Amino acid sequence: MDTGTEGRAGLPEWVGLPGGLLTLRRLVLVLWMSLFTAVTAVVLGLTAGPGWAALGGVWLVVLAWGWVMLGRNWRSWRYAERADDLLISRGVMWREQTVVPYGRMQLVEVTSGPLERRFGLASVQLHTAAAATDARIPGLAPEEAERLRDRLTELGEARSAGL
């Protein structure tokens, strides 16, 4: 049975997340930091004086830092389908790689909140018998999420039949 994706030299073929997830997260960051900047400036301006209102700009520094960190985090997420398991890799400073054997999957669900739907995104959530090994792939195109769900469910049923 030929399943999974493998690139040259038998290594897994990693798939990154689409850019819509990064756009969504950066938009949320800009909205929150703009709100914090305005509230801080107004409150300090009214209570401590106009000079102190400039401290609201601290949130703009947090915005710049968060913008870069979100980009790094988004680039770190990737997944690969192999013959017997699904690999999920993420993390910048602390790399985390999750291996989910197809035969151990109990439930594969596709979820999409209001903001995700607005940006045309969906997430795949994998549930296994051990709660610590549950895995999630956020920010996929809905078609890819449904394809992945169907494929993982099919492979999971085929692998668990032999248990």
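Scroll up to find the structure.
Just so we're clear, the structure is a prediction, and the values are computed from it rather than from any experiment.

A. Region of interest: the overall build of the protein chain. Looking only at helices and strands, the protein chain features four helices and seven strands. Sequence-ordered secondary structure for the protein chain, helices as α and strands as β, is β-α-α-β-β-β-β-α-β-β-α. With the C-alpha coordinates of the protein chain rotated into their principal frame, the extents come out at 70 × 35 × 30 Å. Looking at the 163 residues of the protein chain, the share that counts as buried comes to 31%. Long-range pairs, those at least 24 residues apart, make up 49% of the contacts in the protein chain between residues at least 6 apart in sequence. Accessible area for the protein chain stands at about 9800 Å²; split by element, carbon and sulfur atoms hold 62% of it. Of the charged side chains in the protein chain, 17 are positive and 16 negative; the average position of the first set lies 9 Å away from that of the second.

B. Spotlight on the pattern of salt bridges. This structure, assessed with the given rule, holds six salt bridges. We note a salt bridge from Asp 85 to Arg 82, for which the minimum N-O separation is 2.7 Å. Of the residues examined, Asp 85 reaches a relative accessible area of 12% and is grouped as buried. Of the residues examined, Arg 82 reaches a relative accessible area of 27% and is grouped as partly exposed. Among the ionic contacts, a cluster of salt bridges with common partners joins Glu 81, Glu 144, Arg 147 and Arg 151.

C. Molecular detail of the packing of aromatic side chains. One pass over the structure, following the stated rule, counts two aromatic pairs. Relative to Phe 36, the ring of Trp 32 lies with its centre 5.7 Å away and its plane at 50 degrees, an arrangement referred to as tilted. Separated by four residues within a single helix, Trp 32 and Phe 36 lie in helix H1 (residues 19-47), roughly one turn from each other. The partly exposed category is assigned to Trp 32, whose relative accessible area is 46%. Given the relative accessible area of 29%, Phe 36 is considered partly exposed. Ring geometry for Phe 36 and Trp 59: centres 4.9 Å apart, planes at 55 degrees, overall tilted. Placement of the pair is Phe 36 in helix H1 and Trp 59 in helix H2 (residues 58-76), with a sequence separation of 23 residues. For Trp 59, a relative accessible area of 29% puts it in the partly exposed group. A cation over a ring is seen here: Arg 78 above Trp 14, with NZ or CZ 4.2 Å from the ring centre.

D. View of H2. For H2, which comprises 19 residues, the first-to-last C-alpha distance of 27 Å matches the rise-based estimate of 27 Å (1.5 Å per residue) to within 8%. Taken residue by residue, H2 has Leu 63, Gly 66, Leu 70, Gly 71 and Ser 76 as its buried positions.

Reading the values: the criteria
Residues numbered from 1 in each chain as written. Predicted model: local features only at pLDDT ≥ 70, side-chain atom pairs only at ≥ 80, totals over all residues. Heavy atoms only, no water. Helix = DSSP H or I, 4+ residues; strand = E, 2+ residues; numbered from the N terminus. Buried < 20%, exposed > 50% of the residue type's maximum accessible area, 1.4 Å probe, protein only. Contact = heavy atoms within 4.5 Å. Areas by Shrake-Rupley, 256 points an atom, 1.4 Å probe, with all protein chains shown as cover. Lys, Arg positive; Asp, Glu negative; His and termini not counted. Charge placed at Lys NZ, Arg CZ, Asp CG, Glu CD. Salt bridge = Lys/Arg side-chain N within 4 Å of Asp/Glu carboxyl O. Phe/Tyr/Trp six-rings, centres within 6.5 Å; stacked < 30°, edge-to-face > 60°. Lys NZ or Arg CZ within 6 Å of the ring centre and 35° of its normal. Expected span 1.5 Å × (residues − 1).

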